[in-house]
Amino acid sequence: MSQTIFVLNGPNLNMLGKREPGIYGGKTLADVESECAVAGRDLGLAVDFRQSNHEGHLIDWIHEAGAKAIGIAINAGAYTHTSIALHDAIKAISIPVVEVHISNVHAREEFRHKSMIAPACKGVICGFGVHSYILALNALKNLTL
Ligand code: DQA
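Residues numbered from 1 in each chain as written. Predicted model: local features only at pLDDT ≥ 70, side-chain atom pairs only at ≥ 80, totals over all residues. Heavy atoms only, no water.

## A word on the packing of helix H2 (residues 29–43) against helix H5 (residues 131–144)
As a reminder of what qualifies: Between N-to-C directions, angles cover 0 to 180 degrees, with each direction set by a line fitted to C-alpha atoms, over the stretch in contact for helices. Numbering of helices and strands runs from the N terminus, with a helix taken as a DSSP run of H or I at least four residues long and a strand as a DSSP run of E at least two residues long. For classification purposes, angles smaller than 35 degrees are called roughly parallel, those larger than 145 roughly antiparallel, those between 65 and 115 roughly perpendicular, and all remaining angles oblique. The hand of a helix crossing depends on one turn: near helix anticlockwise from the far one by less than a right angle means left-handed, and clockwise means right-handed. When checking whether two residues touch, look at their non-hydrogen atoms; a contact exists if any pair is within 4.5 Å. Side-chain classes follow a simple rule in which Ala, Val, Leu, Ile, Met, Phe, Trp, Tyr, Cys and Pro form the nonpolar group, Asp, Glu, Lys and Arg form the charged group, and the remainder, Gly included, forms the polar group.
Relative orientation of the contacting elements H2 and H5 amounts to 25°, with a least axis distance of 10 Å. Accordingly, the angle class assigned to the pair H2 and H5 is roughly parallel. For the pair H2 and H5, the crossing hand works out as right-handed. Residues Val32, Glu35, Cys36, Ala39, Gly40 and Leu43 of H2 lie in contact with H5, whose contacting residues are Tyr133, Ile134, Leu137, Asn138 and Lys141. Split by residue class, the contact of H2 with H5 holds seven nonpolar, two polar and two charged.

Here it is in structure tokens:
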């Protein structure tokens, strides 16, 4: 049985493709899910891909992943910049978590420069468009080698 990686997506990422395409590109979240599934297959990983606009769902999924996955790639959307609860949820589990962003948050508004979750994560990948997700899967796979 292949090892599982959770790919978690936070608020407004269900709008990918329609939402500010100049920043986030034209691909939908379903496109990203398919690309992650293909990349996962190549890496020998099963990808459990989820999205929610609700902070509590993301927290529950982080706990769930802690019990059954080998790693998490999380694009927490705007909760990245605000959520101590997500920080604490990541601290509460022992599998590696990679913070992911489609855009280069450091080249954008000042309020996006601060991440509440980065100190709890193994690393951060941002600015490579939706390819950031694939880079995160590779990074997590590499940690298991
Ligand atoms: C984002 C960047 C966040 O600042 C923003 O709130 C998002 C998307 C990204 O993937 O670039 O919702 O996480």
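There is more to say after this.
## Thoughts on the side chain of Arg112
Counted only if it meets this: We call a residue buried when its accessible area falls under 20% of the maximum for its residue type, exposed when it is over 50%, and partly exposed in between, using a 1.4 Å probe and counting protein chains only. Think of a polar contact as two N or O atoms within 3.5 Å of one another; within protein, one of them needs to be a possible hydrogen donor and the other a possible acceptor, and neighboring residues in sequence only count if both atoms come from side chains.
Of note, Arg112 is situated in the loop between strand S4 (97–101) and strand S5 (123–126). Accessibility expressed as a relative area gives 15% for Arg112, which makes it buried. Engagement of the side chain of Arg112 in a polar contact is seen with the side chain of Glu109, the distance being 2.7 Å. The contact partners of Arg112, leaving out residues within four places of it in the chain, are Tyr24, His81 and Val105.

## Comments concerning the packing of helix H3 (residues 55–68) against helix H4 (residues 84–91)
Geometry of a packed helix pair, given as the angle between the helix axes and the separation of the axes. Running from N to C, H3 and H4 point in directions that differ by 10°, and their axes come no closer than 9 Å. Considered as vectors, H3 and H4 are oriented roughly parallel to each other. Here H3 contributes Glu55, Leu58, Ile59, Ile62 and His63 to the contact with H4, which in turn contributes Ala85, Leu86, Ala89 and Ile90. A per-class count over the contact of H3 with H4 returns seven nonpolar, one polar and one charged.

## Some points on the side chain of His81
Among the structural elements, His81 can be located in the loop between strand S3 (71–75) and H4. For His81, the residues in contact, after removing those within four places along its chain, are Val105, Phe111, Arg112, Lys114 and Met116.

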